[in-house]
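Survey of secondary and tertiary structure
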Amino acid sequence: QLARIQTDSVVEMLRELYPDLQYEIVAMSTTGDKILDTALSKIGEKSLFTKELENALERNEVDLVVHSLKDLPTSLPPGFTIGAVCKRENPHDAVVFHPKSTGKTLSLLPEKSVIGTSSLRRAAQLKKKFPHLEFRDIRGNLNTRLKKLDEKEDFSAIILAAAGLKRMGWENRIGQILSPEDCLYAVGQGALAVEVRAKDQEILNMVSALHDGETVLRCIAERAFMKHLEGGCSVPVAVNSILKDGQLYLTGAVYSLDGSDSLKETMQTSVNQPQQNEDGPNDDVQHVGITAKTVPRQAQQAAESLGVELASLLLSKGAKHILSVARQLNDAR
């Protein structure tokens, strides 16, 4: 349902821009939708929610695919690119409480209360911050997870992306929004990506009107950070980014599975470059899988360098060790 709402919202934006075109929505399910009894971090498939969709794109059965950007690997298969990154919804995580715990916050829940999340990133940070709570995997789409929360007594609360809840019209269920002090968010969280064939200039030009410049620069920095760390679903990597007065600030962190070991740093760079007329053979340069013709190229380069430099700083302080231990422990679970 969320995927459908997200796709409809992109089609709506395109309709406003190109009212004369016909739009047909093709629904598909993916490996990630079908394997519901295993934690995401255990399946180990990089393109869990994307492979089937990309196959259809490759066979020209569809012209564009709408994803949550956080589901897209930092390296896309050859021949594909992210042709648009839409304006970001609130990227933070939200807590939805069991009806019995309404009005509470995580810190006010009783000792040993069980919190549902299938994200290693969320669990690692929240275990450290709220040691009195227990964290357990919960899978399924938003509807399924809310149903599990409401109808059983297994969980006192579950953690979900605020953006998904808002898009579903369930904002009233949000009991607490987690601040960056409590929980840094996932790379790309809250942003929608439109994936297209890299060589399809017509479609690429069409969807590039949907780019939101600020979201593009923040997400390029976040994705570059993750890519340089070689992070993914199976390790706890988290970020927070802000673009203010032409300065892009990126906070990045890595965690051990229980959150006891962590590294966190913040860096900034100027992205105040004007758009130049830069036509030429390298017109379609990708930055961590994103082709953004409408965003100044130097600003994109600065954002990507920021992510790489921040990752290098964490690696120089021992991030590789934290992540490899997390990966081994996760594989052994």
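Whatever comes next refers back to the structure up there.
Let me sum up the structure you'll find in this document. Everything numeric in this text was worked out from a predicted model, so none of it was measured.

The end-to-end C-alpha distance of helix α9 (residues 213–229), which contains 17 residues, comes to 25 Å, matching closely the 24 Å that a straight helix rising 1.5 Å per residue would cover. With 13 of 17 residues buried, α9 lies mostly within the body of the structure. The first or second residue beyond α9 is E230, which carries a positive phi of 60°.

Below, the discussion takes up the nonpolar core. Counting 43 residues, the largest nonpolar core has L69, I82, F225, L229, V237 and V254 as its most contacted members. Contributing elements (two or more residues each) for this core: β2 (80–85), α9, β9 (237–244), β10 (247–255), α10 (297–316) and α11 (319–332). Top contributing element to this core by residue count: α9, with nine residues. Not counting the four nearest positions on each side in its chain, L69 is found in contact with I82, V85, G188, A191, L192, A193, C219 and R223.

Time to look at the sheet that holds strand β6 (residues 157–161). Strand order across the open sheet formed by five strands is β5-β4-β6-β3-β7, with mixed pairing between neighbours. Two strands in the sheet have a free side with no partner beyond their single neighbour: β5 (134–136) and β7 (174–177). Across the sheet, the mean angle from the axis of one strand to that of its neighbour is 30°, orientation sign disregarded. Where strand β4 (residues 114–116) meets β6, two bridges bridge the pair, whose relative direction is parallel.

Structurally, V66 can be placed in strand β1 (residues 65–68). Residue class for V66 comes out buried when judged on its relative accessible area of 16%. Excluding residues within four positions of it along the chain, V66 makes contact with Q6, T7, V10 and A193.

Let's shift gears to the side chain of E54. By the element assignment, E54 lies in helix α4 (residues 51–58). For E54, a relative accessible area of 5% translates into the label buried. Dropping the residues within four chain positions of it, E54 is found in contact with L76, P77, F80 and E195.

Within the secondary structure, N143 sits in helix α6 (residues 142–151). In the structure, N143 is positioned 142 residues away from Q1 in sequence and 8.2 Å away in space, judged by C-alpha atoms.

Before going further, it helps to examine the pattern of salt bridges. Here the structure, examined in full by the defined rule, presents 15 salt bridges. Here R15 makes a salt bridge to E12, at a shortest N to O gap of 3.3 Å. One end of the pair, R15, and the other, E12, are both in helix α1 (residues 2–17), three residues apart, so they sit about a helical turn from each other. Overall, the relative accessible area of 38% leaves R15 in the partly exposed class. Between D150 and R173 there is a salt bridge, and its shortest N-O distance comes to 2.8 Å. On the criterion of sequence distance, the pair formed by D150 in helix α6 and R173 in the loop between α7 (162–167) and β7 is long-range, its members being 23 residues apart. Given a relative accessible area of 30%, D150 falls into the partly exposed group. Ionic contacts of the salt-bridge type, sharing partners, join the residues D63, R197 and D200 into one network.

Turning to the packing of α9 against α10, a few remarks are in order. Axis separation between α9 and α10 bottoms out at 7 Å; the angle between their running directions is 35°. Once α9 is placed against α10, the crossing between them reads as right-handed. Of the residues in α10, those in contact with L217, I220, A221, A224, F225, H228 and L229 of α9 are A299, Q300, A303, E304, L306, G307, V308, L310, A311, S312, L314 and L315. Taken together, the residues of the contact of α9 with α10 break down into 14 nonpolar, four polar and one charged.

Turning our eyes to something else, we now look at the environment of I290. Mapped onto the fold, I290 is located in the loop between β11 (262–270) and α10. Once the C-alpha coordinates of I290 and V194 are considered, the two residues, 96 residues apart in sequence, prove to be 9.6 Å apart. Those residues in contact with I290 that lie beyond four places of it in its chain are T81, I82, V85, H211, V216, I220, R223 and V285.

Procedures and definitions
- Chains are numbered independently. Their residues run from 1 in the order of the written sequence.
- Under the rules for a predicted model, residues below a pLDDT of 70 receive no local features and side-chain atom pairs below 80 are neither given nor counted, while totals for whole chains, interfaces and linings still include all residues.
- For the side-chain quantities, the full set of heavy atoms in the structure was used; hydrogens and water were omitted.
- A run of H or I in DSSP counts as a helix once it spans at least four residues, and a run of E counts as a strand once it spans at least two, with each numbered from the N terminus.
- Helix span, as expected, comes to 1.5 Å for every residue beyond the first.
- The buried label applies to any residue whose accessible area, calculated with a 1.4 Å probe on protein chains only, is under 20% of its type's maximum; exposed applies above 50%, and partly exposed to all values in between.
- The set of buried Ala, Val, Leu, Ile, Met, Phe, Trp, Tyr and Cys residues whose side-chain atoms join them within 4.5 Å is what this entry labels a nonpolar core.
- Contacts are residue-level and defined by heavy atoms, with any inter-residue pair within 4.5 Å sufficient.
- By definition, two strands form a pair when at least two bridges between them are found by DSSP.
- For helices, the axis comes from a line fit to the C-alpha atoms of the stretch in contact; other axes are also lines fit to C-alpha atoms, and the angle between any two N-to-C directions lies between 0 and 180 degrees.
- What counts as a salt bridge is simple: a side-chain nitrogen of Lys or Arg found within 4 Å of a carboxyl oxygen of Asp or Glu.
- Here is the rule for handedness: rotate from the far helix to the near one, and if that takes an anticlockwise turn smaller than a right angle the crossing is left-handed, while a clockwise turn gives right-handed.
- Gly is placed with the polar residues, together with every amino acid not listed as nonpolar (Ala, Val, Leu, Ile, Met, Phe, Trp, Tyr, Cys and Pro) or charged (Asp, Glu, Lys and Arg).

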